[in-house]
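# Notes for the structure review
The lines below spell out each chain.
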Amino acid sequence: MPIPDSPMVVVLASGRGERFIASGGQGSKLQAEIGGRTVLDRTLDAVRRSGLPWHVEDAGHPGMGDSIAAGVEATRDAAGWLILPGDLPLVHPQSLRIVAEALKASAVVLPTHRGVRGHPVGFARECGEALRALNGPLGAAPVVKAWAARGATTTIEIDDPGIVTDIDTLADLQAVRTKLSAGSS
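A few points on the structure. Positions within a chain are numbered from 1, following the residues in the order the chain's sequence is written. With pLDDT at 70 or above as the cut-off, local features in this predicted model cover only qualifying residues; side-chain atom pairs require 80 or more to be listed or tallied, and sums for whole chains, interfaces and linings still use all residues. Note that water and hydrogens are dropped before the side-chain values are worked out from all heavy atoms of the structure.

Points on a 1 Å grid over protein atoms alone make up a cavity when a 1.4 Å probe fits among them but cannot get out, and a pocket when they form an open set with protein on both sides within 12 Å along at least five of seven lines; lining residues each have an atom within 4 Å of a point. Grid points are joined across faces, edges and corners, and a volume is the space filled by probe spheres set on the points. Taken as a whole, the largest pocket spans an internal volume of roughly 960 Å³. Along the walls of the largest pocket sit 39 residues, with L12, R19, M64, P85 and P137 positioned nearest its centre. Going through the elements one at a time, helix 1 (18-22), helix 3 (64-74), strand 5 (80-85), strand 8 (121-124) and helix 6 (141-149) are the ones with two or more residues in the lining of the largest pocket. Secondary structure is summarised from DSSP: a helix means a run of H or I of at least four residues, a strand means a run of E of at least two, and numbering begins at the N terminus for each.

Two rings from Phe, Tyr or Trp (for Trp, the six-membered ring) form a pair when their centres sit within 6.5 Å of each other. Planes less than 30 degrees apart are called stacked, planes more than 60 degrees apart edge-to-face, and all others tilted. What the rule picks out here adds up to 0 aromatic pairs. Criterion for a charge above a ring: Arg CZ or Lys NZ at most 6 Å from the ring centre, at most 35 degrees from the ring normal. The ring centre of W147 lies 4.1 Å from the NZ or CZ of R150, which sits over that ring.

Of all 5 residues making up strand 1 (residues 8-12), 5 are buried, and the element is well covered by its neighbours. Only protein chains enter the accessibility calculation, which uses a 1.4 Å probe. A residue is then buried if its area is under 20% of the maximum for its type, exposed if over 50%, and partly exposed in between. Alternating residues of strand 1 divide into M8, V10 and L12 and V9 and V11, and every residue in both groups is buried. Only when DSSP finds a minimum of two bridges between them are two strands counted as paired. Two strands pair when backbone bridges link them, and strand 1 and strand 5 are joined in this way by 5 bridges, in the parallel orientation. Paired with V9 across the two strands is L82, which belongs to strand 5. Inspection of the sheet shows strand 1 paired to strand 4 (residues 54-57) by 4 bridges, in the parallel sense. Each bridged residue has a counterpart across the sheet, and for V11 the counterpart in strand 4 is V56.

Let us look at the pairing of strand 5. Here strand 5 lies mainly inside the structure; 6 of its 6 residues are buried. Side chains G80, L82 and L84 project from strand 5 onto one buried face, and the interleaved W81, I83 and P85 project onto a second face that is buried too. Where strand 5 lies against strand 8, 4 bridges are found, and the strand directions are antiparallel. From the neighbouring strand, W81 faces strand 8, where its bridge partner is F123.

Locating L30 in the fold gives a position in the loop between helix 1 and strand 2 (33-34). Note on contacts: a residue pair qualifies if any of its non-hydrogen atoms lie within 4.5 Å across the two residues. When residues no more than four places from it in sequence are discounted, the contact partners of L30 are A13, T38, V39, L40, G86 and D87.

Moving on: the side chain of T43. Structurally, T43 is set in helix 2 (residues 39-50). A relative accessible area of 0% means that T43 is categorised as buried. Non-local contacts of T43, meaning those with residues more than four positions away in its chain, are made with L84, P85, G86, D87, L88 and P89.

What follows is the structure in structure tokens.
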């Protein structure tokens, strides 16, 4: 059961995976198998276990900005949004809850792991109009920049390497497979 007044997790699953294919990968990186399950299934499992409401945006948009805009538009009544690319199969459910909780005190929440920025990036309800206006390949960077200029962003360190472990190349996929077969996540 979703946690009341929680932000919506928008899982981005529209990308073409051009870097994955260029690196020798076959087909969609989100459908690549890791231990008998797809990359996207593993990401969605963490989202489900977080207890937060969620929406998968998989309509094949031309750029990340377009995908974010469509996902936020489809969930426009949400209390806020956590933008999570579908290619983070090791993200922990607790990491999503930490970002959601931090949104109670900031318009934009930027999670990091050992100083490296990761996902999900959290946006409060007041960011909705700007998120719905996004397009192109830059994702939500313009919205983050605008709210940073207002001093309304918070960076939080999360002890979860899964927030920075995405699948962009065949080598990334193999590294995650190796990590999981070794019993760590």
